[in-house]
Amino acid sequence: MFRPMVAVVLCVFAATAAHAQEPYNLSAPVHSLATLFTDLYGPEGLKVDSEATLPGEQPHTAHFNSDFQVNFSQFSTALVGQLVSVPLPSPASGFTFQFDASLGVFQRTTQSFGPILSERADTIGGGRVSFGMAYQRFTFDTVEGVDLGRIPAVFTHDNAALLGGREDVVTTDNSITATLNQATTFVTLGVTDRVDVSVAVPVASTYLKVVSDATIHRLGTTNPLTHFFRQSNGEVGVSRLFTAVGGASGVGDLKVRVKGALVHQSWSSVAVGVDVRLPTGDAMNLLGSGTTGVQPFVVWSSSRGKISPHVNAGYTWNGSSVLAGNPATGQSADFPDDISYAAGADLSVNPRLTLALDVLGRYVLDAERLRTEDFHALDGSSVFPNISFTRDSYNALSGAFGFKANLHGRLLVDFNLLFKLDEHGVRDKVTPLVGFTYAF
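Predicted model only: the values in this text are computed from it and were never measured.

*Asks:* Summarise the overall build of the chain; cite the residues concerned and give the values.
*Replies:* Scanning the chain from N- to C-terminus turns up four helices and 27 strands. Looking at the chain as a whole, 51% of its 440 residues are labelled buried. Here the chain has roughly 18,600 Å² of accessible surface; of this, 60% comes from carbon and sulfur atoms.

*Asks:* Outline the pattern of salt bridges, listing residues and values.
*Replies:* Here the structure, examined in full by the defined rule, presents 13 salt bridges. The partner of E144 in a salt bridge is R369, and the shortest N-O contact between them spans 2.8 Å. Of the two residues, E144 is situated in the loop between β8 (129–143) and β9 (146–147) and R369 in strand β23 (residues 353–376); the sequence distance between them amounts to 225 residues. Given a relative accessible area of 15%, R369 falls into the buried group.

*Asks:* I'd love a proper account of the environment of T179, names of residues and values included.
*Replies:* With respect to the helices and strands, the residue T179 is situated in strand β11 (residues 169–190). Separated by 30 residues in sequence, T179 and K209 have C-alpha atoms that sit 9.3 Å apart. Residue contacts for T179: discarding those within four places in its chain leaves R137, F138, T139, S205, T206 and Y207.

*Asks:* Can you tell me about the side chain of S340, naming the residues and giving the values?
*Replies:* Looking at the secondary structure, you find S340 in strand β22 (residues 338–350). Those residues in contact with S340 that lie beyond four places of it in its chain are Q295, N312, A313, G314, G361 and R362.

*Asks:* Residue-level account of the packing of aromatic side chains, with values.
*Replies:* Enumeration according to the criterion identifies eight aromatic pairs in this entry. For the pair F138 and F140, a centre-to-centre distance of 5.7 Å together with 10° between the ring planes defines the contact as stacked. Judged by its relative accessible area of 1%, F138 is buried. Relative to F242, the ring of F229 lies with its centre 6.1 Å away and its plane at 70°, an arrangement referred to as edge-to-face. Residue F229 is found in strand β13 (residues 229–230), and its partner F242 is found in strand β15 (residues 239–251); the two are separated by 13 residues along the sequence.

*Asks:* Can you lay out the pairing of strand β16 (residues 254–264) for me, pointing to particular residues and giving the numbers?
*Replies:* In this structure, strand β12 (residues 195–217) lies alongside β16, joined through six bridges in antiparallel fashion. Counterpart to V195 in the pairing with β16 is G260. For β16 and strand β17 (residues 269–278), the ladder comprises ten bridges, and the chain directions are antiparallel. Within the sheet, the bridge partner assigned to L254 lies in β17 and is L278.

*Asks:* Tell me about the pairing of strand β25 (residues 411–420), and name the residues and values.
*Replies:* Side-chain alternation along β25 places L412, D414, N416, L418 and K420 on a buried face and L411, V413, F415, L417 and F419 on a face that remains uncovered. Here strand β24 (residues 383–408) pairs with β25 via ten bridges, running antiparallel. If you follow G399 over to β25, its bridge partner there is F419. Connecting β24 to the antiparallel partner β25 that follows it, the hairpin turn spans two residues, and G409 within it adopts a positive phi of roughly 55°. Pairing geometry for β25 and strand β27 (residues 430–439), over nine bridges, is antiparallel.

*Asks:* Give a description of the environment of R230 that names residues and reports values.
*Replies:* Inspection of the secondary structure puts R230 in strand β13. Of the residues examined, R230 reaches a relative accessible area of 30% and is grouped as partly exposed. A C-alpha to C-alpha distance of 8.3 Å links R230 and V48, two positions 182 residues apart in sequence. Sequence-distant contacts of R230, that is, excluding residues within four places in its chain, are made with Y24, D49, E51, E235, V236 and R240. At 2.9 Å, the side chain of R230 and the backbone oxygen of G234 are in polar contact.

Reading the values: the criteria
- Residues numbered from 1 in each chain as written.
- Predicted model: local features only at pLDDT ≥ 70, side-chain atom pairs only at ≥ 80, totals over all residues.
- Heavy atoms only, no water.
- Helix = DSSP H or I, 4+ residues; strand = E, 2+ residues; numbered from the N terminus.
- Buried < 20%, exposed > 50% of the residue type's maximum accessible area, 1.4 Å probe, protein only.
- Areas by Shrake-Rupley, 256 points an atom, 1.4 Å probe, with all protein chains shown as cover.
- Salt bridge = Lys/Arg side-chain N within 4 Å of Asp/Glu carboxyl O.
- Contact = heavy atoms within 4.5 Å.
- Phe/Tyr/Trp six-rings, centres within 6.5 Å; stacked < 30°, edge-to-face > 60°.
- Pairing = 2+ DSSP bridges.
- Polar contact = N/O pair within 3.5 Å; in protein donor to acceptor, adjacent residues only side chain to side chain.

Rendered as structure tokens:
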């Protein structure tokens, strides 16, 4: 495994006064990508400056709380859930063979080169080997339909002795940049004419950046020294930028697949199999899930001349992971299970070109979900946009279109576009894939 490399952005210096200047930018040291949201405002959370005193001349510590900092680390769970469940290129070769005893040679059993992000029931043939690589790039745009570039969150005062102070709030406008590059190497061995064994090894590079633009709203206080942000020039202001950024690279979660053909006929085939995902990726740096996953699946496919339809279905059982619990404290919880399914067809345009079309779905069970709402302040009149979190199941639907081209011999080049069909979960508008496979 490569050693994860965490990039830490040091303080960005900017002078500001609240009324007309740029907000003072305070960058947080990032311990790991999984704790980036809890690290954003520092070890004690979002605290504003104060020179006010409580009764008895006690110093006033102005601490503000929000679901954003407490629960938005679940974004990491959703991001890694997307990473480990993303449809990988089928590890089986586009070339499928069966030994013809009467001729003493292997014969191709399919006209098309098969799907790209789903499976067909055909196996590659006993003694055959297929090797391939594929590269995918994700640039996540939304979470539950909310633009990752503009996520609102309201912070409220902790338990203070005076109601006036409790009425003050801090609103934040948060921008999240999340990208993932993943290169997967896979190899498939035909144990027999009906049984394949495949291994897929992903190498991932993740980048995550959060910029939180915080503004103090004095709804219950009038003294500017009660709640304020100390600016870089020493003046009193109401705005500050908080930044946390990090990146990591390394081996992701290794996947082992066994697939066996139950029924193999020219017009209809059925196969069953199981995927085992091993937690080889660094979960704290969002390179892996931090838990083992087991997915039994079933595949039906058919060959009707140049058109070959197929249907896939599977259920993934996941174990316990720190990403589903509290990465900051190391507490683990159950990583959400999911049901995956796909339906599509591939079309053999000519002996050297196959088009592939799929609709892919993933039903995630009992997962953390984000929703937008209005926050009504204690002053009885101020309303601000906000987010909150709930636990529920959801269905994420995607489409895929691509092609496989036979450039030379048994070398296939793959190109595919995966695009979202709904707004559930953490989504990328379009994810490109390029790759190749070679059959021996």
